[in-house]
Amino acid sequence: MPSNVQQLSHITTDSGVTMDISKRYVPFVALILFSIISDISTSVTHYSIPEEMKERSVVANLANDLSLDVKTLNQRKMRLDIIANKKYLDVNKDTGELFVVEKIDREHICPSKLTSSCYLRLEVILENPLRIFNIEVEILDMNDNAPQFRRDAIHLDISESTSKGERFSLSNAVDPDVGTNSVKTYHLSESEYFNIEVQTGREGSKFADLILKKTLDREQQAVHNLILTAIDGGTPARSGTASVIVHVLDTNDNAPTFEKNNVSVKMTENSPIGSLVIDLNATDLDEGSNSDITYSYSLYTSEKTQETFNLNPTTGEITVKGMLNYEDFRIYDMEVIATDKGANSLSGQCTIKIQVEDMNDNHPELSIKSFQSPVSENIELNTVIAVVSVSDKDSGDNGVVDLHIPDNMPFKLRESSDNYYELVVSEPLDREKVPEYDITFTVTDRGSPPLSDNETMTLELLDVNDNVPQFPQSFFTIRVMENNVPGALLSSLTAFDPDLHENQYLVYFIIEKEIANTSMSMLFSINPENGNLYGLKTFDYEIEKEFLFHIEARDSGSPPLSSNVTVHIIIVDQNDNAPVIVSPWRAHGSVVEEKIPRSTDKGSLVSKVIALDTDSVHNSRITYQFLQVTDATLFSLDQYNGEIRTMRMFSYKDSRHHRLVVVAKDNGEPALSATVTIKLSTVETAMKAYSDMTEVPLEYDIFSDLNLYLVIGLGSVSFLLLITILVTIVIKCQNPKPSKTAPPCRNSVISERNSTIADSTLVSNDAYWYSLFLAETRKGKLVVRQPVPKGSRYIVSSLPRGTGLTETSDSAASTLQVRI
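Keep in mind that what you see is a predicted model, and the values were worked out from it rather than measured.

Colleague: What should I look at first to understand the overall build of the chain in this one?
Modeller: Regarding its fold elements, the chain presents eight helices and 54 strands. Here the chain holds 820 residues, and 40% of them are scored as buried. Taking all contacts inside the chain whose residues are at least 6 apart in sequence as the whole, residues at least 24 apart take part in 66%. Summed over its atoms, the accessible surface of the chain is roughly 45300 Å², and 50% of this surface lies on carbon and sulfur atoms.

Colleague: In this structure, what is going on with the environment of T646? I would like to understand it.
Modeller: Here T646 lies in strand β47 (residues 643–646). Along the primary structure T646 and S607 are separated by 39 residues, whereas in three dimensions their C-alpha atoms are 10.0 Å apart. Discounting residues that sit within four places of it in the chain, T646 has contacts with T600, D601, K602, G603, S604, V606, L634 and F635. A distance of 2.7 Å separates a polar atom in the side chain of T646 from the backbone oxygen of D601.

Colleague: Honestly, the sheet that holds strand β20 (residues 309–311) in this entry has me stumped. Any pointers?
Modeller: Whether parallel or antiparallel, the strands of a sheet pair through hydrogen bonds between backbone atoms. Read from one edge of the open sheet, three strands run β18-β21-β20, paired in antiparallel fashion. On the outer flanks of this sheet lie β18 (276–279) and β20, each paired with one strand and no other. The sheet shows a mean angle of 15° between the axes of neighbouring strands, taken without regard to direction.

Colleague: Hey, could you run me through a nonpolar patch on the surface in this one?
Modeller: Judged by side-chain polarity, L721, I725 and I729 come together as a nonpolar surface patch covering roughly 280 Å² of accessible area. Summarising the element assignment, I729 is placed in helix α7 (residues 717–733). With relative accessibility at 46%, the residue I729 sits in the partly exposed group.

Colleague: How should the packing of aromatic side chains be read in this particular structure?
Modeller: When we look at a pair of aromatic rings, we describe it by the centre distance and by the angle of the planes. Taken as a whole and assessed by the stated rule, the structure comprises 11 aromatic pairs. Ring geometry for F524 against F547: centres 5.4 Å apart, planes inclined by 80°, an arrangement best described as edge-to-face. On the criterion of sequence distance, the pair formed by F524 in strand β37 (residues 524–526) and F547 in strand β39 (residues 546–555) is long-range, its members being 23 residues apart. Taken together through their ring pairs, the aromatic side chains of F524, F539, F547 and F549 make up a single cluster. Cation over ring: R56 sits above F99, and NZ or CZ is 4.3 Å from the ring centre. Here the basic side chain of K545 rests over the ring of Y541, its NZ or CZ set 4.8 Å away from the ring centre.

Colleague: When you look at the nonpolar core in this model, what are you seeing that I'm missing?
Modeller: Nonpolar side chains tend to gather and get buried jointly when the protein is soluble and globular. One finds L62, L89, L98, L120, L122 and V137 to be the most contacted residues of the largest nonpolar core, which totals 30 residues. At the level of elements, β1 (40–50), β2 (58–61), α2 (62–65), β3 (79–82), β4 (89–92), β5 (97–100), β6 (119–126) and β7 (131–140) are the ones that each hand at least two residues to this core. Apart from residues no more than four positions distant in its own chain, V137 is found in contact with Y47, I49, L89, L98, C118, Y119, L120 and L122. I478, I526, Y541 and V565 belong to the second largest nonpolar core, which has 25 residues in total.

Colleague: What is the right way to look at unusual backbone geometry in this model?
Modeller: Generally, phi is negative for residues other than glycine and the peptide bonds are trans, each holding for most cases. Cis geometry is found at the peptide bond from T235 to P236, where omega equals 0°. Looking at the element boundaries, P236 is found in the loop between β15 (223–232) and β16 (239–249). That bond from S448 to P449 is cis: its omega, -5°, falls within 30 degrees of zero. With a phi close to 70°, N382 is a non-glycine residue in the positive phi region.

Colleague: What is the right way to read the pattern of salt bridges from this model?
Modeller: Pairing between side chains of opposite charge can happen when their charged atoms approach one another. Within this structure, the stated rule accounts for 20 salt bridges. A salt bridge links R446 to D402, with the nearest nitrogen and oxygen atoms 3.0 Å apart. Residue R446 is located in the loop between β30 (436–445) and β31 (452–462), and its partner D402 is located in strand β27 (residues 401–404); the two are separated by 44 residues in the primary sequence. Of the residues examined, R446 reaches a relative accessible area of 49% and is grouped as partly exposed. Owing to a relative accessible area of 32%, D402 belongs among the partly exposed residues under this scheme. Put simply, R648 and D654 hold a salt bridge, and the shortest N to O gap is 3.0 Å. Residue R648 is classed as partly exposed on the basis of its relative accessible area of 25%. When its relative accessible area of 11% is taken as the criterion, D654 is described as buried.

Colleague: What's the story with the sheet that holds β16 in this structure? I'm lost.
Modeller: If you walk across this open sheet you meet the four strands as β9-β16-β15-β12, and the pairing is mixed. Across the chains shown, the open sheet's two edge strands, defined by having one partner strand only, are β9 (153–159) and β12 (183–188). Ignoring strand direction, the axes of neighbouring strands in this sheet form an average angle of 25°. Across five bridges, β12 lies against β15 in antiparallel orientation. Residue T185 lies in a different strand from β15, and its bridge partner there is I231.

Colleague: Sorry, what's going on with the state of the cysteines here?
Modeller: By definition, a disulfide links two cysteine residues through a covalent bond between their sulfur atoms. As enumerated under the stated definition, the model contains one disulfide in all. Between the sulfur atoms of C110 and its disulfide mate C118 the distance is 1.9 Å. Measuring handedness by torsion sign, the sulfur bridge of C110 and C118 sits at about 80° and is right-handed. Across this residue pair, the class does not change: C110 and C118 are buried.

Colleague: I tried to follow the side chain of D499 on my own but got confused; where do I start?
Modeller: With respect to the helices and strands, the residue D499 is situated in the loop between β33 (489–492) and β34 (506–511). For the buried residue D499, which engages in no salt bridge, the nearest side chain bearing the opposite charge is R431, 4.7 Å off. In this structure the side chain of D499 is engaged in a polar contact, spanning 2.8 Å, whose partner is the side chain of N467.

Colleague: When you look at the confidence of the model for the chain in this model, what are you seeing that I'm missing?
Modeller: As a note on interpretation, predicted positions should not be read in detail where pLDDT is low. Per-residue confidence for the chain averages 77 on the pLDDT scale, and 78% of its residues sit at or above 70. Note on residues 1–39: pLDDT under 50 across the span, and 45 contacts to partners over four residues away in sequence or across chains. Below pLDDT 50 for its whole length, residues 686–704 participates in 78 contacts with residues either more than four positions away or in separate chains.

Colleague: Please clarify how the side chain of D209 should be interpreted in this entry.
Modeller: Locating D209 in the fold gives a position in strand β14 (residues 206–212). For D209, a relative accessible area of 11% puts it in the buried group. Polar side-chain contacts of D209 include one of 3.3 Å to the side chain of R167. The contact partners of D209, leaving out residues within four places of it in the chain, are R167, F168, S169, N195, I196, E197 and Q199.

Colleague: Help me understand the environment of H550, please; the structure alone is not making it clear to me.
Modeller: Along the chain, the position of H550 falls in strand β39. For H550, a relative accessible area of 34% translates into the label partly exposed. Taking the C-alpha atoms as reference points, H550 and N564, 14 residues apart in sequence, are found 6.4 Å from one another. Excluding residues that lie within four positions of it along the chain, H550 makes contacts with I510, I511, N564, V565 and T566. Here T566 takes part through its side chain, which lies 3.1 Å from a polar atom of the side chain of H550.

Colleague: Explain the environment of N362 here, please?
Modeller: For N362, the location among the structural elements is in the loop between β23 (347–357) and β24 (365–371). In the structure, N362 is positioned 37 residues away from G399 in sequence and 8.6 Å away in space, judged by C-alpha atoms. Ignoring sequence-local partners within four residues, the contact set of N362 consists of D392, D394, D445 and L451.

Reading the values: rules and limits
- Residues numbered from 1 in each chain as written.
- Predicted model: local features only at pLDDT ≥ 70, side-chain atom pairs only at ≥ 80, totals over all residues.
- Heavy atoms only, no water.
- Helix = DSSP H or I, 4+ residues; strand = E, 2+ residues; numbered from the N terminus.
- Buried < 20%, exposed > 50% of the residue type's maximum accessible area, 1.4 Å probe, protein only.
- Contact = heavy atoms within 4.5 Å.
- Areas by Shrake-Rupley, 256 points an atom, 1.4 Å probe, with all protein chains shown as cover.
- Polar contact = N/O pair within 3.5 Å; in protein donor to acceptor, adjacent residues only side chain to side chain.
- Pairing = 2+ DSSP bridges.
- Axes fitted to C-alpha atoms, helices over the stretch in contact; angles between N-to-C directions.
- Patch = residues over 30% accessible without salt bridge, like charges linked within 9 Å, V, L, I, M, F, W, Y side chains within 5 Å.
- Salt bridge = Lys/Arg side-chain N within 4 Å of Asp/Glu carboxyl O.
- Phe/Tyr/Trp six-rings, centres within 6.5 Å; stacked < 30°, edge-to-face > 60°.
- Lys NZ or Arg CZ within 6 Å of the ring centre and 35° of its normal.
- Core = buried A, V, L, I, M, F, W, Y, C linked by side-chain atoms within 4.5 Å.
- Disulfide = S-S within 2.5 Å.
- Lys, Arg positive; Asp, Glu negative; His and termini not counted.
- pLDDT = per-residue confidence, 0-100.

Written out as structure tokens, the structure reads:
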């Protein structure tokens, strides 16, 4: 479209395309209209697809069928409009394929069955230049619908007097499908009374007539249940069913009948007015008005009988109308007629004899002479609670009475004199189990049927302080995180007392106990009213790890009862202590300097970093790593035991000075750490090696790092000189056989202090001994600890497992004697 065409309004073409045009550009209208119409296709592209195709199914390739370039579909903003329907189809702009977006139901789109054709009309619109294509997609019918009846049940009323051969119309089935897929025929379930005949309507629809083959008898079979099946002509065929229920209408051909023609009934005297004597309940096999029965007295029934008894004309019930007295009238005779309400009414009759019997018509009497309530729950056994008297105006067995109370009660009745009874306590009472008793006294005579009377009295129990307070458990374990806030709630220790009032009011307190001259009440506090336990100080796991004491709960009864519970306070560690580096020792902030010969072999021990953490086992697990190292290829650090070893031999290219920064990090959360800086210098000093150590169990040729660092800390140069001379004398006395070519057998390194740092170490701290033991054991070595004579320290040695010790070895191990 030209760029100078502005404010273009609607132009309506023959194909339904509408555009706007302004009056200012009338000269351009003809040209634009001609250009647009030339791009609108007047032909219709036709496709046929079956209904119910799966989603994403391809219908056709519109790009190929419409001779369009697939590569320009996105650029030309290709879109698909479906006229007067949902968007069941869409176009893939990348491939030009027309595909199914949503399953298509032909019966939903084209509900009318006047025509078998069903179309979806589409428009494919492209821009630049504008082109519109008309698409028709015919939806072909599939046999996807079964025939359905408008009602699931078809009810027919047919008189039992109807002659055979009569026809009755049945509602037809409906199938939304068209053509051969619609209803084709009907079938009826097997019946000896009925069959069907299929008829064809003007529009080709099928319906069925029900035909009576045999005369009906309602009394023999009142209802006939049939199944009508409609079957369509599709492949495979589908079907639908409906129930045909035939109700057989009655004619009055049966007279009412009684179960017995002669009935004898016995009634006791003084029967209440309205009492049922007998329900005659005559039956008529007919139905409707033909079975409705009316009851009446015959002319042979006396007026006295009709005044004493009432006959319900509808139900046939005979009830007492007047007072029955055995001494006045003992036998009543009557005759009842039952008549139906049919057009030609029929009737039946029954004779009834009523006999009046004597009865026990006086109730026994009950009187409470004395009743004591409330009573204490600790009342003694056999104590009298109540006194009761009984009587009956009847004579004989009807005048003999029995008194009893409910079972499963801690009481019993004791007869004191004629017709007098005492209620006594037979079992111990417990108010906490049963706070009160509803005692029902029942008196019954021995008549037939027996008569009785009863009276209920409530016995309340007074509470006694007989229950000690009870804690839910006898031992409480409370975990408290160290560094807690003083005064914070630790736990609630609540006891329960089932008694009442002051007997259940509890007071809590801590049973005094001193630990390290400190009273428990200075460490903990308990609320005396509710048992809430508080901590009064901040606890430190490294100082105190647990507390064990007792808390007592005491009620306010007289005398008071109490119980106690054991409380175990466990202080839970926090990672609040950073590791402390104890080896190599150095003053605060100072740097450790070490010297090693440049001829040191690969794997030689350079130094060993040891750190201690006073936290718990989990938080005190320490790992080591280099924070800074001059040459990462030259030195290695064992992350578990802190040993620094050479990874290779020194070369002439290596620097003479190395700076190693080691960080020791604990296992807490968050982790705490400490660092040590080691300045390492290499010197051209020959190293002496010793081989074949002799089997001396208590003395070894290696000196302790820790001891030497402590000596350096004292700053005594003279003492250092004395130790050096002493070591030299010991070595000379043992006459070692030097081997200049043999490597150090135990990877020893000569330190700046002229002492041996090797697998034997002087240890004065059990924690250090334990950490060293763990570190050496992880490497598979054998650790031996020997006490130093005249001292409280030890010499610790680590040996490779499986090392043989013989006297014929090529070299002998030197022994170092240390005196402290």
